[in-house]
Amino acid sequence: MRRAVRIVCAILGVALTATGLYFLLTTEPPAALLGLAVWLGAAVVLHDGVFAPAVYVANRILARGTARLPAAATTSVRILFGIGTMLTLVVAPELVAQSRPHSNPTILVGDYALRLGAVWGVIATAAVIVILWSARRTRRRSDRLRSTRV
């Protein structure tokens, strides 16, 4: 049964990809296709040359910094750091665009840098709470184990 589901999913995936490519090639002008190819190439270079190494380094730093913490705290800190990083990547274009002069004052309203800083503050607070809660829970468990052994 599992094999049949995988085959159906593969066939659907190939069919949908072929349909998308057909419409892409028949509806977009060549200049747009060239721009898309450049964009996709830049995405691959950014991912493999910048983001993947940065994630690796961040994971190594987090692993060293959280080595003595309980596993639940370590996992939570990594998840929170990942959420903050993804939000930073989403907001970065707005920060860049907001730093440039523009003629329409109704776009990019608000202080994106301040809001991003507030989000990181909430993430840091949540990480501290999770670490303290997890350490307390682990300490209680070990105390219970010690008291039952005696």
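The structure we're discussing is the one just above.
Residues numbered from 1 in each chain as written. Predicted model: local features only at pLDDT ≥ 70, side-chain atom pairs only at ≥ 80, totals over all residues. Heavy atoms only, no water.

### Topic: a nonpolar patch on the surface
How we decide: Residues qualify for a patch when their relative accessible area is over 30% and they have no salt bridge, like charges being joined within 9 Å and the nonpolar side chains of Val, Leu, Ile, Met, Phe, Trp and Tyr within 5 Å. For the area figures, the Shrake-Rupley method with a 1.4 Å probe applies, and any residue is considered shielded solely by the protein chains shown. What counts as a salt bridge is simple: a side-chain nitrogen of Lys or Arg found within 4 Å of a carboxyl oxygen of Asp or Glu. Secondary structure is summarised from DSSP: a helix means a run of H or I of at least four residues, a strand means a run of E of at least two, and numbering begins at the N terminus for each.
Together, Leu 46, Val 50, Phe 51, Met 86 and Leu 89 give the surface a local cluster of nonpolar side chains, amounting to about 430 Å² of exposed area. At three residues, helix H2 (residues 30–65) tops the list of elements feeding residues into the nonpolar patch. Within the secondary structure layout, Val 50 lies in helix H2.

### Some remarks on the environment of Phe 81
We count it as follows: Partly exposed describes any residue whose relative accessible area lies between the buried limit of under 20% and the exposed limit of over 50%, with all areas from a 1.4 Å probe on protein chains only and scaled to the type maximum.
Mapped onto the elements, Phe 81 comes out in helix H3 (residues 71–99). We classify Phe 81 as partly exposed; its relative accessible area is 34%. Along the chain, Phe 81 and Leu 33 lie 48 residues apart, while their C-alpha atoms are 36 Å from each other.

### Describing the nonpolar core
We apply this condition: Put simply, a nonpolar core is a bunch of buried Ala, Val, Leu, Ile, Met, Phe, Trp, Tyr and Cys residues held in one set by side-chain atoms that sit within 4.5 Å of each other. In this description, contact between two residues means that some pair of their heavy atoms is separated by no more than 4.5 Å.
By size, the foremost hydrophobic cluster in this structure holds five residues: Leu 62, Val 77, Leu 80, Ile 123 and Ala 127. Those elements giving two or more residues to this core turn out to be H3 and helix H4 (112–149). When sequence neighbours within four positions are dropped, the list of residues in contact with Ala 127 reads Val 77 and Leu 80.

### Structural notes on the side chain of Ser 134
Topologically, Ser 134 is positioned in helix H4. In contact with Ser 134, not counting residues within four places along its chain, are Pro 70, Ala 72 and Ala 73.

### Quick look at H3
How we decide: Multiplying 1.5 Å by the residue count of a helix minus one yields the expected span of that helix. Fitting one axis to the seven residues ending at a residue and another to the seven starting there, the bend at that residue is the angle between the two axes.
In a regular helix each residue adds 1.5 Å, so 29 residues correspond to 42 Å; H3 covers 41 Å between its end C-alpha atoms and thus fits that length. Bending of H3 peaks at approximately 35° at the position of Val 91, with proline Pro 93 no more than four residues after it.

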